[in-house]
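# Survey of secondary and tertiary structure
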Amino acid sequence: MKERILWIARDKNNSLFLYGEKPVIEDGQSFACNDYYGYWQIPEELYPEITFENSPKQLIIKQD
């Protein structure tokens, strides 16, 4: 089974994003991608345990 590691982070405005690499804090209120993998916005009601204060977190996706 293969694993893919993504990063998840929530901005201060409650938007939730997935990143291909660990994001960096940009302006004190949001995160920015620091690579060419980019990012994807996902529904903000997912992962309610992820907050701006504890972001970013690793998200491990297991693939067959």
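Notes on the structure follow. (Residues numbered from 1 in each chain as written. Predicted model: local features only at pLDDT ≥ 70, side-chain atom pairs only at ≥ 80, totals over all residues. Heavy atoms only, no water.)

### Some points on the pattern of salt bridges
Oppositely charged side chains may form a pair once their charged atoms are brought near each other. This structure, assessed with the given rule, holds one salt bridge. For Lys62, the salt bridge is made with Glu3, and the minimal N-O distance between the two is 2.8 Å. Of this pair, Lys62 sits in strand 6 (residues 57-63) while Glu3 sits in strand 1 (residues 2-10), and the two are 59 residues apart along the sequence. Take Lys62: its relative accessible area is 55%, and that puts it in the exposed class. (Salt bridge = Lys/Arg side-chain N within 4 Å of Asp/Glu carboxyl O. Helix = DSSP H or I, 4+ residues; strand = E, 2+ residues; numbered from the N terminus. Buried < 20%, exposed > 50% of the residue type's maximum accessible area, 1.4 Å probe, protein only.)

### Description of the packing of aromatic side chains
In total, this model carries four aromatic pairs according to the counting rule given. Seen from their ring centres, Phe17 and Tyr19 are 6.3 Å apart, and the 45° between their planes marks the pair as tilted. Among the residues examined, Phe17 registers a relative accessible area of 11% and is labelled buried. When the centroid spacing of 5.9 Å and the interplanar angle of 40° are considered together, the rings of Tyr19 and Tyr39 count as tilted. With Tyr19 in strand 2 (residues 16-19) and Tyr39 in strand 5 (residues 39-42), the pair connects residues that are 20 residues apart, well separated along the chain. Residue classification places Tyr19 among the buried positions, given a relative accessible area of 2%. (Phe/Tyr/Trp six-rings, centres within 6.5 Å; stacked < 30°, edge-to-face > 60°.)

These figures come from the coordinates and say nothing about function on their own.
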